[in-house]
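This is what each chain is made of:
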Amino acid sequence: MQLQELMNPDYSDNPFPLYRKLHQQGPLIPAGDKIIISGSHAVVEALLNDRRVGKNYMESVRLRFGDDAADMPLFQGISRMFLVLNPPEHSRLKGLVMKSFSAREIKPLREMALTVANELVDALADRRACDLAQAFAFPLPVRIICRMLDISESDAPELGRLTSVLVKVFDPQISQADLLEAADAFAVLERYFSALIVSRRDSTANDLVSLFLRSGSEDDRLSHDEIIANVVLLFLAGHETTSNMICNTILALHDHPQELACLKRNPALIPNAIEECLRYDSSVQLLYRTTLEELEVAGQLIPPGTRFFLSLGAANHDPLVFTSPERLNIRRHEGRCLAFGGGIHHCMGYRLALAEMEVALEVLLTRLPEMRPVAAGVRRNHRANLRGVSALPVEW
């Protein structure tokens, strides 16, 4: 199998045949010189939690886009996100970011999400149809992040659009035109957040930017460029993935009407339903890792410098772990869903993401109980990594 196969548009509407193909080819699938693809739950979970496996982001950039791409400001900026770093630099950056992020308790953020979700549904009061992606799923997490950063919500649509363009660089391969558009989007975001950081230098407020500026000690603070990179990361992770998962969840439930009916009768199952929808149709489909030293994986000795493309989607459908994996079962209690990754790179904002998804489902089921997707109008985003939709028309 070659990496290009992971980008096959035939799998955009239904990735399950790809998952089955990965499982049929075994836990370790050669895909080039020291390149391995795996959709095995056991292998993916083990590698995510093994400190002998890490990240070599710039090498992955050179592999995917050529040697010259590593000098682009786009990739230099992304290389400062703790998401792509190894210890000790990862530990330092994540520690400083987490110190600020954890200062914002999830309970008031959940209440904020509930307020925003109801405001978005209020705006639909006189309508009987909408594009749920554009009217609800996309603006919900963006508005929450804007409030956490204390930036104008009038900027939210453009910031969301820019991050949606930028996030394409996390796909295994993209076109030259998409790469240049992503570079332009990063440049605009960099200028926007740079000006914001300068304006908050002496702030004593509790927004995330001000907290980032005050985090750490005199000898170890987040630099200007580090704050820019990791605020952009918050937008990328908090906007794109959560928006996609809200849409994927709605589609999964409506594709399984018995499960949807069960959920409507038993709203206490919402947290479990969210967990199952994350397993069934995860937004983040692929993670990239590099072996830092020789290790044994699935009975094979793997040399250092081997690059792994780990399919979270396939791992979450591993029939060795999940019974009838292609069936949604909101009462499922088996296996560990890997949608948020694992190990030191486990998603920092997973509690907020879960709270947003639970609130979204609660509000939609309560206030728009007759809502149903218009299947003919659903448009997948055709991304190999951050799987979601570009359009989700619904009516009620």
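The paragraphs below set out a description of the structure included in this document. Everything numeric in this text was worked out from a predicted model, so none of it was measured.

1. A short note on the nonpolar core
One finds Leu74, Phe75, Phe136, Phe193 and Leu392 to be the most contacted residues of the largest nonpolar core, which totals 145 residues. In terms of residue count, helix α13 (residues 224-255) provides more of this core than any other element does, 16 residues in total. In contact with Leu74, other than residues within four places in its own chain, are Leu166, Val169, Leu179, Ala182, Ala183 and Phe186.

2. Observations regarding the packing of aromatic side chains
Overall, the coordinates contain 7 aromatic pairs when judged by the stated rule. Relative to Phe193, the ring of Tyr192 has its centre 5.1 Å away and its plane inclined at 85°; by these criteria the two rings are edge-to-face. We classify Tyr192 as partly exposed; its relative accessible area is 26%. Aromatic side chains Tyr288 and Phe309 sit 5.2 Å apart centroid to centroid with 70° between the ring planes, which places their arrangement in the edge-to-face category. Of this pair, Tyr288 sits in strand β5 (residues 286-291) while Phe309 sits in strand β8 (residues 307-311), and the two are 21 residues apart along the sequence. Accessibility assignment for this pair places Tyr288 and Phe309 in one class, buried.

3. Details of the side chain of Lys55
Tracing the sequence through the fold places Lys55 in the loop between β3 (53-54) and α4 (57-65). Since its relative accessible area comes to 13%, Lys55 is described here as buried. If near-sequence neighbours (up to four positions away) are discounted, Lys55 is found in contact with Leu83, Val84, Asn86, Tyr288, Arg289 and His345.

4. Considerations on the pairing of β5
Counted residue by residue, β5 has 6 buried out of 6 residues, so it is predominantly covered. Neither face of β5 is exposed, since Leu286, Tyr288 and Thr290 on one face and Leu287, Arg289 and Thr291 on the opposite face are all buried. Both β3 and β5 contribute to a ladder of 2 bridges, which runs antiparallel. Its bridge partner being in β5, Val53 is matched across the sheet by Thr291. Sheet topology places β5 next to β8; 5 bridges connect them, and they run antiparallel. Its bridge partner lying in β8, Arg289 is registered against Phe308.

Each value, and the rule that gives it
Residue numbering note: each chain is counted from 1, following its sequence as written. Thresholds applied to this predicted model are a pLDDT of at least 70 for local features of residues and 80 or more for the giving and counting of side-chain atom pairs; totals over whole chains, interfaces and linings are not thresholded and use all residues. No hydrogens and no water enter the side-chain calculation; it runs on all heavy atoms of the structure. Only buried residues count toward a nonpolar core. Its members are Ala, Val, Leu, Ile, Met, Phe, Trp, Tyr and Cys residues joined through side-chain atoms within 4.5 Å. For every residue, the accessible area (1.4 Å probe, protein chains only) is compared with the maximum for its type, and the residue is labelled buried under 20%, exposed over 50%, or partly exposed between those bounds. The secondary structure listing takes helices from DSSP runs of H or I that are at least 4 residues long and strands from runs of E that are at least 2 residues long, numbered from the N terminus. Contact between two residues is taken to exist if any of their heavy atoms lie within 4.5 Å; hydrogens are not considered. Pairing of aromatic rings covers Phe, Tyr and Trp, the last counted by its six-membered ring, and requires centre-to-centre distances within 6.5 Å; plane angles under 30 degrees mean stacked, over 60 mean edge-to-face, and any other angle means tilted. The pairing criterion for strands is at least two bridges between them, as found by DSSP.

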